[in-house]
Amino acid sequence: IGTGLINLSPFVAAVAAFLAQERQAVKTNHELLGNQLPHIHWHLIPRLLQDPAPLEPVWRIAHEPVRLPPETLASVLDQLRRGWLAHMHQAPYKP
């Protein structure tokens, strides 16, 4: 996992920066897992201003999840896909 992690880290940082900008995040939590099976499993969690405690870890504060209506979720995902493609076109990732 060590070499894969080193090679993947700059790409994950680029995705995190893009998500933070697109979602207007206060900050972004990076959660790297892979402790039971040898793999890299990453969560990037943009913390938004309306989070109940945006400066605390996501697992520390109990809160109700926000469920977007299917059409809103589809719209957000489409916006992120198009934005990421445009971002990569302007500044392609180079390992």
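Since this is a predicted model, take the numbers as computed values, not measurements.

Parameters and conventions
Counting starts from 1 at the beginning of each chain's written sequence and moves along it residue by residue. With the structure being a predicted model, the display of local features is reserved for residues of pLDDT at least 70 and the display and counting of side-chain atom pairs for 80 or more, all residues being used for whole-chain, interface and lining totals. Note that the side-chain values use all heavy atoms of the structure and ignore hydrogens as well as water. Put simply, two rings from Phe, Tyr or Trp (the six-membered ring, in Trp's case) pair if the centres are within 6.5 Å, and we call them stacked under 30 degrees between planes, edge-to-face over 60, tilted for the rest. Helix and strand definitions follow DSSP, with helices as H or I runs of at least four residues and strands as E runs of at least two, each counted in order from the N terminus. Only protein chains enter the accessibility calculation, which uses a 1.4 Å probe. A residue is then buried if its area is under 20% of the maximum for its type, exposed if over 50%, and partly exposed in between. Whether a set of points on the 1 Å grid over the protein atoms alone is a cavity depends on a 1.4 Å probe fitting there but being unable to get out, while an open set qualifies as a pocket with protein on both sides within 12 Å along at least five of seven lines; lining residues are those with an atom within 4 Å of a point. Grid points are joined across faces, edges and corners, and a volume is the space filled by probe spheres set on the points. When residue character is reported, Ala, Val, Leu, Ile, Met, Phe, Trp, Tyr, Cys and Pro are called nonpolar, Asp, Glu, Lys and Arg charged, and the others, Gly included, polar. By definition here, a salt bridge exists when the distance from a side-chain nitrogen of Lys or Arg to a carboxyl oxygen of Asp or Glu is within 4 Å.

Draft legend 1. Focus on the packing of aromatic side chains. The final tally for this structure, using the stated rule, is two aromatic pairs. Residues Phe 11 and Trp 84 carry aromatic rings whose centres are separated by 6.0 Å and whose planes lie at 80° to one another, so their mutual orientation is edge-to-face. In this pair, Phe 11 sits in helix 1 (residues 2–23) while Trp 84 sits in helix 2 (residues 70–90), placing the two residues 73 residues apart along the sequence. An angle of 65° between the planes, with centres 5.2 Å apart, marks the rings of Phe 18 and Trp 84 as edge-to-face. Residue Phe 18 is found in helix 1, and its partner Trp 84 is found in helix 2; the two are separated by 66 residues along the sequence. For the pair Phe 18 and Trp 84, one class covers both residues: buried. Counting every residue linked through ring pairs, the aromatic cluster contains Phe 11, Phe 18 and Trp 84.

Draft legend 2. Fine view of the layout of surface pockets. When its volume is computed, the largest pocket comes out at roughly 760 Å³. Along the wall of the largest pocket there are 19 residues; nearest its centre are Arg 23, Pro 46, Leu 48, Val 66 and Leu 68. If you list the elements that add at least two residues to the lining of the largest pocket, you get helix 1, strand 2 (41–47) and helix 2. Looking at the lining of the largest pocket, the element that brings in the most residues is helix 2, giving four residues. Looking at the lining of the largest pocket residue by residue, the classes come out as 13 nonpolar, two polar and four charged.

Draft legend 3. Region of the structure containing unusual backbone geometry. The backbone of Gln 24 sits at a positive phi, close to 50°, despite the residue not being glycine. Of note, Gln 24 is situated in the loop between helix 1 and strand 1 (27–33).

Draft legend 4. Looking closely at the pattern of salt bridges. A complete count under the given rule lists three salt bridges for this structure. Across the pair Asp 78 and Arg 82 runs a salt bridge whose closest N-O atoms are separated by 2.7 Å. One end of the pair, Asp 78, and the other, Arg 82, are both in helix 2, four residues apart, so they sit about a helical turn from each other. You can call Asp 78 partly exposed: its relative accessible area is 33%. Exposure remark for Arg 82: the relative accessible area of 54% places this residue in the exposed category.

In short, shape yes, function no, at least from these values alone.
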